[in-house]
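Read off the chains here:
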Amino acid sequence: KEIVVATKNAGKVAEFKVALNGLPYKVTSLVELGNFPEATENGVTFAENSCSKAEFYARLTGKLCLADDSGLEVDYLKGEPGVYSARYAGEHAGDEDNNKKLLSNLIGVPPEKRTGRFRCVLALANAEKTLLTTDGTVEGVILSEPRGDKGFGYDPLFLVPELGCTLAEMSHEEKNRISHRGQAIREMAKQLAVLEK
Ligand code: ITT
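Residues numbered from 1 in each chain as written. Predicted model: local features only at pLDDT ≥ 70, side-chain atom pairs only at ≥ 80, totals over all residues.

Colleague: Teacher, can you tell me more about the UniProt feature "binding site: Mg(2+)" (unreviewed entry) in the chain here?
Modeller: Within the UniProt annotation, "binding site: Mg(2+)" (unreviewed entry) is assigned to Asp69. Its location among the elements puts Asp69 in strand β3 (residues 64-74). Judged by local crowding, Asp69 falls into the buried class, with 27 C-beta atoms found within 10 Å. Residues in contact with Asp69, not counting those within four places in the same chain, are Phe46, Asn49, Ser50, Lys53 and Val121. (UniProt positions renumbered as here; feature names shortened; annotations may be inferred. Helix = DSSP H or I, 4+ residues; strand = E, 2+ residues; numbered from the N terminus. Buried ≥ 20, exposed ≤ 12 C-beta atoms within 10 Å, placed from the backbone. Contact = placed C-beta atoms within 7 Å.)

Structural data, given as structure tokens:
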């Protein structure tokens, strides 16, 4: 049996591969399956985008697809960048541009007001419909300078206060243990096992 991790984000793929290791599925991703078109993401919630991506790629591949829609909500910015996290600094912006924009929007904001969270919604779909959704969140504080060189996206700016380090200072295993995505993946694995019974 095969599950396609329906994402083009190499950072996400790396975390999925580690987290799904040990399940009775062959795990592939759009990154290695070839040149698939971009799914349109015009939903206003992570759940809408996650389901539409999963269904879109399940129809294209004819395989069971697991999609991830995720992002960073910053309280001082009223929940931005939220579902726009990947394109915060523009349609084709990279992680560096997005991080720069986030920092510039938080200039002068003291640590106690720099709270926020990552959210992740996973959707599993076949060519007909979405079968399961799960979610996860992790709370943190946005630093004023990056720390660490692992991870992707906003990880170097996201401090997990209880651990005293950013998500970019952790291995995939450590990050998965606490992250929004790690939680959502573990819940998905549980529900999938029930579904298969
Ligand atoms: P796919 O749609 O192909 O999966 P994407 O990067 O466009 O890739 P999203 O629309 O879900 O995916 O955007 C998620 C963005 O939120 C991502 O590009 C990062 O900027 C940010 N993000 C999500 N999870 C993150 C994490 O674990 N660490 C750092 N940044 C994260």
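Colleague: What is the right way to read the environment of Gly140 from this model?
Modeller: By the secondary structure assignment, Gly140 is in strand β5 (residues 130-142). For Gly140, a count of 23 C-beta atoms within 10 Å puts it in the buried group. In this structure the C-alpha to C-alpha distance between Gly140 and Lys8, which are 132 residues apart in sequence, comes to 26 Å.

Colleague: Explain the nonpolar core here, please?
Modeller: Inside soluble globular proteins, nonpolar side chains tend to come together where they are buried. Counting 40 residues, the largest nonpolar core has Ala6, Ala54, Tyr57, Cys65, Leu66 and Leu122 as the members making the most contacts within it. Contributions of two or more residues to this core are made by β1 (2-5), α1 (10-20), α3 (46-61), β3, β4 (115-125), β6 (158-160) and α6 (180-196). Beyond its immediate chain neighbours, meaning those up to four positions away, Leu122 contacts Ser50, Leu66, Ala67, Asp68, Thr133, Thr134, Ala184, Ile185 and Met188. (Core = buried A, V, L, I, M, F, W, Y, C linked by C-beta atoms within 7 Å.)

Colleague: Looking at this structure, I do not really get the site of the ligand. What am I missing?
Modeller: Surveying the vicinity of the ligand reveals 22 residues, the closest of which are Thr7, Asn9, Ser85, Ala86 and Gly153. With 5 residues, the top contributor of residues to the shell around the ligand is β3. (Near = placed C-beta within 6 Å.)

Colleague: Would you mind showing me how to read the packing of α1 against α6 here?
Modeller: Any two packed helices are characterised by how steeply their axes cross, that is the angle between the axes, and by the distance between the axes. Running from N to C, α1 and α6 cross one another at 40°; their axes reach a closest spacing of 10 Å. Here α1 lies oblique to α6, going by the angle between them. By crossing handedness, the relation of α1 to α6 is classed as right-handed. On α6, the residues touching Glu15, Phe16, Ala19 and Leu20 of α1 are Arg181, Gly182 and Ile185. Among the residues making up the contact of α1 with α6, the classes are represented as 4 nonpolar, 1 polar and 2 charged. (Axes fitted to C-alpha atoms, helices over the stretch in contact; angles between N-to-C directions. Parallel < 35°, antiparallel > 145°, perpendicular 65-115°, else oblique. Left-handed = near helix turned anticlockwise from the far one by under 90°. Nonpolar A, V, L, I, M, F, W, Y, C, P; charged D, E, K, R; others polar.)

Colleague: What is the right way to look at the sheet that holds strand β7 (residues 165-166) in this model?
Modeller: Strands in a sheet are paired, the pairing made by backbone hydrogen bonds, and the direction either parallel or antiparallel. In space, the 7 strands of this open sheet follow the order β2-β1-β3-β4-β5-β6-β7, with mixed pairing throughout. A strand with exactly one partner marks an edge of an open sheet, and here the two such strands are β2 (26-29) and β7. Strand direction decides the pairing type here: β1 and β3, joined by 3 bridges, are parallel. Residue pairing in the sheet places Val4 in a bridge with Cys65 of β3. (Pairing = 2+ DSSP bridges.)

Colleague: Would you mind going over α6 with me for this structure?
Modeller: Quick reminder: α-helices carry 3.6 residues per turn. Residues three or four places apart thus point the same way. With 17 residues, α6 should cover 24 Å at 1.5 Å per step; its first-to-last C-alpha distance of 24 Å lies within 8% of that length. Listed in full, the buried residues belonging to α6 are His180, Arg181, Gly182, Ala184, Ile185 and Met188. (Expected span 1.5 Å × (residues − 1).)

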